[in-house]
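The chain contents come next:
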Amino acid sequence: MKKKETRSVFLSIAMDFLRHGLVLAVFLLISAEFSASTTTQKVGSGYRLVSVAKTVDGCGLAGLLQVKQLTDAYGPDIRRLKLTVRHETKERLRVHITDVDKDRREVPYDLLPRERVPKTEPPPPSSPAAVPGGELAGEELVFSYSPDPFSFTVRRKSNGDYLFDTSNSTLVFKDQYLEISTRLPGDASLYGLGENTQPGGIKLRPNDPYTLYTTDISAINLNMDLYGSHPFYMDLRGSTDPTAHGVLLLNSNGMDVFYRGTSLTYKVIGGVFDFYFFSGESPLAVVDQYTALIGRPAPIPYWAFGFHQCRWGYRNVSVVEKVVEGYQKAAIPLDVIWNDDDHMDNAKDFTLDPVNYPRGKLLAFLDRIHDQGMKYIVLIDPGIAVDQSYGVFKRAMAGDVFIKYKGRPFLAQVWPGPVYFPDFLNPAGVAWWAAEVARFRELVPVDGLWIDMNEVSNFCSGDCEMPTPARPCPVPGSTTPWVCCLVCKNITQTRWDSPPYRINASGAQVPLGFKTIAASATHYNGVREYDAHSLYGLSQAVATRRALQSTDGKRPFVLTRSTFVGSGAHAAHWTGDNKGTWQDLRYSISTMLNFGLFGMPMVGADICGFYPAPTEELCNRWIELGAFYPFSRDHANFYSPRQELYVWDSVAESARNALGMRYRLLPYLYTLSYRANLAGAPVARPVFFSFPGFEPARSLSTQFLLGPGLMVSPVLEPGVTHLDALFPPGTWFSLFDLGESLVSREVNVFRLRAGLHEINVHLYEGHVIPMQRGGLRSREARATPFSLVVALGGSVEAVGEVFVDDDERPEMALEEGEATLAVFKAEVRGSVVRVWSEVTMGSFAQKKGLVVEKVTVLGLKGAGKELEMEIEGEKVMDIAGAKVDAGSGLTVEVAGLALPLGKNFALTWKMEIGG
């Protein structure tokens, strides 16, 4: 990897294809046979419920299903199935269907902790007579069943609305093919089912393909299975009294999901039916209930909400030093500098290039940036180079931690050349990984780790052998490891490698093992890759987070490309290899919002695009949007021109403007992260989350909210100086000019100014947001005094909060002396305005000396008088330095304050109230 600059154009292009997972080669490998999904052969005849009984506690039931008639399409039917139904909480219902006579693979309970299905046998048939239909009612949801053919429904108790209805479908359950369908009403708006790049926006479009199977294929490929597998969707219905619910099919096998508008069908190639239904009823409640099951989003360090810079191609330490200097000279905020794989010795994990990244020089650089409050993160890939002189490899072999194929480690090729893949389902593999992370952090004090290529990605597609003199590399004269391809043979086509039903992998029904691990390879305890493939990214994220925390006890930061249900409890995510195009700028919003639904709120796209070169105008607009991604990072390809934000003067100006506001909003973003960790609430969320009854917002994918009431309206087209933006009813205040506001009533679309260096951010009435002065580092910014922005407008009350803590603590728990939560409230009663705080565990904020220096109230006019101030219920007599001034427009500022954030305070004054 050290001499990329000397490679030929041909090799550059070839490597680029490998890097981005482009699917051009796929189509050369696909046969012309018709999709198995279009077969007209009868797939199954359904099942009959022959016994059923309630559990002793009355919260569940168990039943026995028998196949009605055997069919052969996609293999023989499983004759007997066990049905288990349970109301696990007031809002959550589980429906589990599996083989009675043989254990089937499920998502491991130690990987995704949850309540186990009882191992009790279903009751035997009591008589030949048919079992009558029945139901199991909980507090919120009702499960009903019909016996012959068996079908079930889940309905909401409050209004009788059917959330899931299989009455028009045939249940199919075979060893390698499962199918079930639900009916949907015409007013259902669906969201989720990822990861894929959805050109239609956040709302699922009928007849678009939704295939779930983790794949290293560039995010530029639309409507294809990408890096993550999240078989979860949210359904929002109704106009006058809208309700939302969620549905999860917890299954890690590959699947196609067919959404037809009035129906949704799952076609899965293995595992079990393990459905979870979440009653909601609000969108926020659905995500709360979902993350209560799969794991709350991981606590994120404060510094991670700063700006990040990365590039594949920082050839040596001096280049990285100059990048940091470039940001400093341009006065653009920067908290984290990253290395892609350039720091490695021949692309080998946990190593340093001795020539370009000598340890002494790198450590001196890290000492300097750490003194400034900056952080350093590097990339690691799962592929471990097969090299007997490489200690990491030798220790892995001694521990027997690799995935196996035909009794030996599965041989693949990634950046170092020949590699084996660690098995993170193996406890020995997890322990070995933790030890290697600890060794590496002794070598280099990295502040986080970036795990990439973990779908898992393989440049070769087949059972491989090492090149030998008798069987040389297929690229004549090649000496660099990444080009020295393995001798690849065709995988033996077992029923696991070539199942009877072919999911629409890579949009072209490629073989399951294409550019990845053979589906017949085995993990720990004989688990097949066929069943565990989509779990790899999750299992590596779990191991990496634990490894980081075990080395220093601090709150870890892990960034992962491949994800599964529950990954958000361990890692952040970026949306993968995108292009520097206006379309990709637009797509980034939908993908970001989807991951909020999936319980991964710390997410963002490569700002300005990963490749090819963006235009200057596009990069201006992208940093304006990207400054408000939860995870904000510029990342570029080796073969693209340099695109750090200071390269263009115009982009630097836009960056200073947008990132300047981000750094002032860091306490707000961090508080949103606290709420995400506490209850799953997405940091960036669709507008319909706060306005579910505002129907135009249900398909809105060009604007989004940060938290409940901060609207971001970016420019997504070239040559634009004005922007048409949609606003739900109410008063919205411009955050960049607090004196400007708009009132949305009958007219909901407003034309906004959108000059090249402008991004529109608006605060909704009824909200209070905390801000600070900002700075070039988050450490610097968080030490400055706070200000409060109170938006009243058409509302006479407003509320907000701020959470502060020592972000090196592993958890974000609210503990005395470790963290403080201050809730801010405001109200207008006649001519009296009151703003006050209610503090929980204030000693931490007091110890840090945190104060509020200014309160700005929006939606009022006129100067105030008779200002009164209280702290902890005691009237403050000396307030000569504080004053109430009329600002521009409908704003009032109370400045000259030094209110302790860690104590309850109250401000009261009289004034004339306006519009």
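Below is a short write-up of the structure.

Thresholds, definitions, all that
Residues numbered from 1 in each chain as written. Predicted model: local features only at pLDDT ≥ 70, side-chain atom pairs only at ≥ 80, totals over all residues. Heavy atoms only, no water. 1 Å grid on protein atoms, 1.4 Å probe; cavity = no way out; pocket = protein on both sides within 12 Å on 5 of 7 lines; lining within 4 Å. Points joined across faces, edges and corners; volume = space filled by probe spheres on them. Helix = DSSP H or I, 4+ residues; strand = E, 2+ residues; numbered from the N terminus. Nonpolar A, V, L, I, M, F, W, Y, C, P; charged D, E, K, R; others polar. Expected span 1.5 Å × (residues − 1). Buried < 20%, exposed > 50% of the residue type's maximum accessible area, 1.4 Å probe, protein only. Polar contact = N/O pair within 3.5 Å; in protein donor to acceptor, adjacent residues only side chain to side chain. Contact = heavy atoms within 4.5 Å. Pairing = 2+ DSSP bridges. Core = buried A, V, L, I, M, F, W, Y, C linked by side-chain atoms within 4.5 Å. Salt bridge = Lys/Arg side-chain N within 4 Å of Asp/Glu carboxyl O. Disulfide = S-S within 2.5 Å.

### Observations regarding the layout of surface pockets
Unoccupied space between atoms shows up once a probe the size of one water molecule is rolled over them.
1) Next: Taken as a whole, the largest pocket encloses approximately 1100 Å³ of empty space.
2) Next: Arg104, Glu106, Pro108, Tyr109 and Arg116 are, among the 38 residues lining the largest pocket, the residues nearest its centre.
3) Next: Mapped onto the lining of the largest pocket, the elements with two or more residues apiece are strand 4 (92-99), helix 7 (427-443), helix 8 (529-532) and helix 9 (536-552).
4) Next: Here the element with the most residues in the lining of the largest pocket is helix 9; it accounts for 4 residues.
5) Next: Its residues assigned to classes, the lining of the largest pocket comprises 18 nonpolar, 7 polar and 13 charged.

### Here's the deal with helix 3 (residues 283-294)
1) Next: In this model helix 3 runs 17 Å from its N-terminal to its C-terminal C-alpha over 12 residues, within 8% of the 16 Å that 1.5 Å per residue would give.
2) Next: By the criterion of burial, helix 3 is predominantly enclosed, with 9 of the 12 residues buried.
3) Next: Looking only at helix 3, the buried set comprises Pro283, Ala285, Val286, Val287, Gln289, Tyr290, Thr291, Leu293 and Ile294.
4) Next: Two residues or fewer after helix 3 comes glycine 295, characterised by a positive phi angle close to 115°.

### Regarding unusual backbone geometry
1) Next: With an omega dihedral of -5°, the bond running from aspartate 148 to proline 149 counts as a cis peptide bond.
2) Next: In this structure, proline 612 follows tyrosine 611 across a cis peptide bond, with omega equal to -20°.
3) Next: In this structure, proline 612 sits in the loop between strand 33 (606-607) and helix 11 (616-626).
4) Next: Even without a glycine there, the phi angle at leucine 193 is positive, about 50°.
5) Next: Within the secondary structure layout, leucine 193 lies in strand 11 (residues 189-194).
6) Next: Of note, asparagine 207 is a non-glycine position whose phi angle comes to about 75°, a positive value.
7) Next: Considering the arrangement of structural elements, one finds asparagine 207 in the loop between strand 11 and strand 12 (209-212).
8) Next: Residue classification places asparagine 207 among the exposed residues on the basis of a relative accessible area of 52%.

### Some thoughts on the side chain of asparagine 454
1) Next: Structurally, asparagine 454 is set in the loop between strand 26 (448-451) and strand 27 (463-465).
2) Next: Among the polar contacts made by the side chain of asparagine 454, one reaches the side chain of threonine 560 at a distance of 2.9 Å.
3) Next: Leaving out residues up to four positions away in the same chain, asparagine 454 has contacts with Pro382, Tyr536, Gly537, Gln540, Thr560, Arg561 and Ser562.

### Here we look at the pairing of strand 43 (residues 767-772)
1) Next: The buried fraction of strand 43 is high, at 6 of 6 residues.
2) Next: Burial along strand 43 is two-sided: His767, Ile769 and Met771 facing one way and Val768, Pro770 and Gln772 facing the other are all buried.
3) Next: Note: strand 43 against strand 44 (residues 786-791), 6 bridges, orientation antiparallel. When the bridges of strand 44 are listed, histidine 767 appears paired with alanine 791.

### Some remarks on the nonpolar core
1) Next: Core analysis: the largest hydrophobic core is formed by 188 residues, its most contacted members being Leu248, Ile337, Phe421, Phe557, Phe628, Phe704 and Leu706.
2) Next: Leucine 706 has contacts with Phe628, Tyr668, Leu669, Leu672, Val683, Ala684 and Val712, leaving out every residue within four places of it along the chain.
3) Next: Judged by nonpolar contacts, the second largest core, of 45 residues, contains Tyr145, Leu190, Leu193 and Leu264.

### Focus: the pattern of salt bridges
1) Next: Within the structure shown, the criterion is met by 45 salt bridges.
2) Next: Put simply, arginine 439 and glutamate 436 hold a salt bridge, and the shortest N to O gap is 3.5 Å. Of this pair, arginine 439 and glutamate 436 both sit in helix 7, 3 residues apart, roughly one helical turn.
3) Next: Overall, the relative accessible area of 41% leaves arginine 439 in the partly exposed class.
4) Next: We classify glutamate 436 as buried; its relative accessible area is 2%.
5) Next: Here the salt bridges share partners, and the residues they tie into one network are Glu88, Arg92, Arg94 and Asp274.

### A word on the state of the cysteines
1) Next: Per the stated rule, a full pass over the model turns up 2 disulfides.
2) Next: The disulfide that involves cysteine 460 links it to cysteine 488, with 1.6 Å between the sulfurs. With the S-S dihedral at roughly 135°, the linkage between cysteine 460 and cysteine 488 falls on the right-handed side. One end of the pair, cysteine 460, is in the loop between strand 26 and strand 27; the other, cysteine 488, is in strand 28 (residues 487-489), with 28 residues separating them in the sequence.
3) Next: Exposure remark for cysteine 460: the relative accessible area of 11% places this residue in the buried category.
4) Next: Overall, the relative accessible area of 31% leaves cysteine 488 in the partly exposed class.
5) Next: The disulfide bridge from cysteine 608 ends at cysteine 619, spanning 1.9 Å between sulfur atoms. Note on the cysteine 608 and cysteine 619 pair: the S-S dihedral is about 85°, so by sign convention the disulfide is right-handed. Placement of cysteine 608 in the loop between strand 33 and helix 11 and of cysteine 619 in helix 11 is noted, with a sequence separation of 11 residues between them. Like cysteine 619, cysteine 608 is buried.
6) Next: Unpaired in this structure, cysteine 464 has its nearest cysteine sulfur neighbour in cysteine 488, at a distance of 3.3 Å.
7) Next: Accessibility expressed as a relative area gives 1% for cysteine 464, which makes it buried.

### Brief notes about the environment of threonine 243
1) Next: Counting through the fold element by element, threonine 243 comes out in strand 14 (residues 243-249).
2) Next: Not counting chain neighbours up to four residues away, the residues in contact with threonine 243 comprise Arg156, Asp161, Asp235, Leu236, Arg237 and Glu281.

Just geometry here; none of it tells us what the structure is for.
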